[in-house]
Amino acid sequence: MSEFPEWSRQLGSGVRFDWGLAGAQALGPQSAAVVVVDVLSFTTTVSVAVDVGTRVLPYRWRDGNAAEFAAEQDAELAVGRTAVSQQHPWSLSPAALRRAPAPARLVLPSPNGSAISAAVTGIPVIAACLRNASAVADWIAGQGWGTQWKPVAVIAAGEHWPAGSGAIRPAVEDWLGAAAVIAALAERGSGPLSPEASVVKASYDGIDDIGALIRNCASGRELAAIGFGEDVAIATEIGASQAVPIVVDGAFTHAS
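As a starting point, this report considers the structure included with it. The model shown is predicted, which means the values in this text are computed figures rather than measured ones. (Residues numbered from 1 in each chain as written. Predicted model: local features only at pLDDT ≥ 70, side-chain atom pairs only at ≥ 80, totals over all residues. Heavy atoms only, no water.)

The next thing to look at is the nonpolar core. With 41 residues, the main nonpolar core has Phe 17, Val 35, Ile 126, Trp 139, Ile 140, Trp 145 and Val 154 as its most contacted residues. Among the elements that take part in this core, helix α7 (residues 172-187) stands out by supplying eight residues, more than any other. Beyond its immediate sequence surroundings of up to four residues, Trp 139 is in contact with Ile 126, Trp 145, Val 244, Ile 246, Ala 255 and Ser 256. Val 36, Ala 49, Val 120 and Ala 157 belong to the second largest nonpolar core, which has 26 residues in total. (Core = buried A, V, L, I, M, F, W, Y, C linked by side-chain atoms within 4.5 Å. Buried < 20%, exposed > 50% of the residue type's maximum accessible area, 1.4 Å probe, protein only. Helix = DSSP H or I, 4+ residues; strand = E, 2+ residues; numbered from the N terminus. Contact = heavy atoms within 4.5 Å.)

The subject of this paragraph is the side chain of Asp 174. Looking at the element boundaries, Asp 174 is found in helix α7. One polar contact links the side chain of Asp 174 to the main-chain amide nitrogen of Gly 158, over a distance of 2.9 Å. In contact with Asp 174, other than residues within four places in its own chain, are Trp 19, Val 37, Asp 38, Val 39, Leu 40, Ala 156, Ala 157 and Gly 158. (Polar contact = N/O pair within 3.5 Å; in protein donor to acceptor, adjacent residues only side chain to side chain.)

It is worth spelling out α7 at this point. Under the 1.5 Å per step criterion, the end-to-end length of α7 is 22 Å for 16 residues, consistent within 8% with the ideal 22 Å. With 12 of 16 residues buried, α7 is to be regarded as a mostly interior element. Along α7, the residues that are buried comprise Glu 173, Asp 174, Leu 176, Gly 177, Ala 178, Ala 179, Ala 180, Val 181, Ile 182, Ala 183, Ala 184 and Leu 185. Gly 189 sits one or two positions beyond α7 and adopts a positive phi of about 90°. (Expected span 1.5 Å × (residues − 1).)

Turning to the packing of α7 against helix α8 (residues 195-205), a few remarks are in order. To describe two helices that pack against each other, one gives the angle between their axes and the distance between the axes. Look at α7 against α8: their axes get within 8 Å of each other, and the N-to-C directions meet at 100°. As judged from the angle between their axes, α7 and α8 are roughly perpendicular. Residues Trp 175, Leu 176, Ala 178, Ala 179, Ala 180, Ile 182, Ala 183 and Ala 186 of α7 lie in contact with α8, whose contacting residues are Ala 197, Val 199, Val 200, Lys 201, Ser 203, Tyr 204 and Asp 205. Each residue belonging to the contact of α7 with α8 can be placed in one class, and the counts come to 12 nonpolar, one polar and two charged. (Axes fitted to C-alpha atoms, helices over the stretch in contact; angles between N-to-C directions. Parallel < 35°, antiparallel > 145°, perpendicular 65-115°, else oblique. Nonpolar A, V, L, I, M, F, W, Y, C, P; charged D, E, K, R; others polar.)

Below, the discussion takes up the layout of surface pockets. Taken as a whole, the largest pocket encloses approximately 750 Å³ of empty space. Forming the walls of the largest pocket are 28 residues, and the residues nearest its centre are Trp 61, Arg 81, Leu 92, Pro 111 and Glu 159. The residue inventory of the lining of the largest pocket, partitioned by class, reads 15 nonpolar, seven polar and six charged. Lining the second largest pocket are 13 residues, and of these Pro 58, Ser 117, Ala 118, Val 247 and Gly 250 lie nearest its centre. Considering each element in turn, the lining of the second largest pocket owes the most residues, three residues, to strand β3 (residues 55-59). Partitioning the lining of the second largest pocket into residue classes produces 10 nonpolar, three polar and no charged. (1 Å grid on protein atoms, 1.4 Å probe; cavity = no way out; pocket = protein on both sides within 12 Å on 5 of 7 lines; lining within 4 Å. Points joined across faces, edges and corners; volume = space filled by probe spheres on them.)

Those residues of helix α1 (residues 20-27) lying buried are Gly 20, Gly 23, Ala 24, Ala 26 and Leu 27. On an axial view of α1, the arc spanned by its buried residues comes to 165°, and they lie on one face. The secondary structure elements touched by the buried residues of α1 are β1 (15-19), α5 (113-119), β7 (152-156) and β9 (168-169). (Arc of directions from axis to C-beta.)

In short, the description is geometric, and any link to function would need to be established separately.
Pasting the structure below:
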């Protein structure tokens, strides 16, 4: 991972927060684990898949070699949301994945959460979302992580602006998914929280209806506008999953 200045690492905190791949690279080397949050939809889809026993291999988005990689890994390949067919029923859509037969192994590319998960090496990587935030916090606390000496980095994936700008758009749904994990960790005595993590937690504590907010945020409206409102509904099944997906041998699988 690239070197980052000391001031960027939130040193002295047990629970830390940042955005995107650069945030994961900044915080990861000093962390016991990196928790990736991409609510709409990578980590939600991972939770749905791991619930039924599928191992999910994260992969960079559209690099041209995904099909070859899937064949090498003896895995099915998820296609784009609008490319689902009888032959290829798996996609980044958690609703589509629920309807499809559960494969043993699935390569799941995405431009945000999957790309971050695939890029982070040498550190345990956990996929969290609103469906499993409490379960993830329970498991992390059970490992003795989330302390000043064994900190946890919670990374909100964010979205990319359209038209190839390459800029990350801070996404409300990922902010709140990360906040759910941070709040749950704080309830279990993890900490201290970094200033960044403290602000995230405070926002979560002050919202009465997380589901309504996510349905009406930019990303929720985007998915509804292209016919995938069901994905937003699944993403807001708060606390519905006990799966704790962690990368083992290159694939997310339920932590034992």
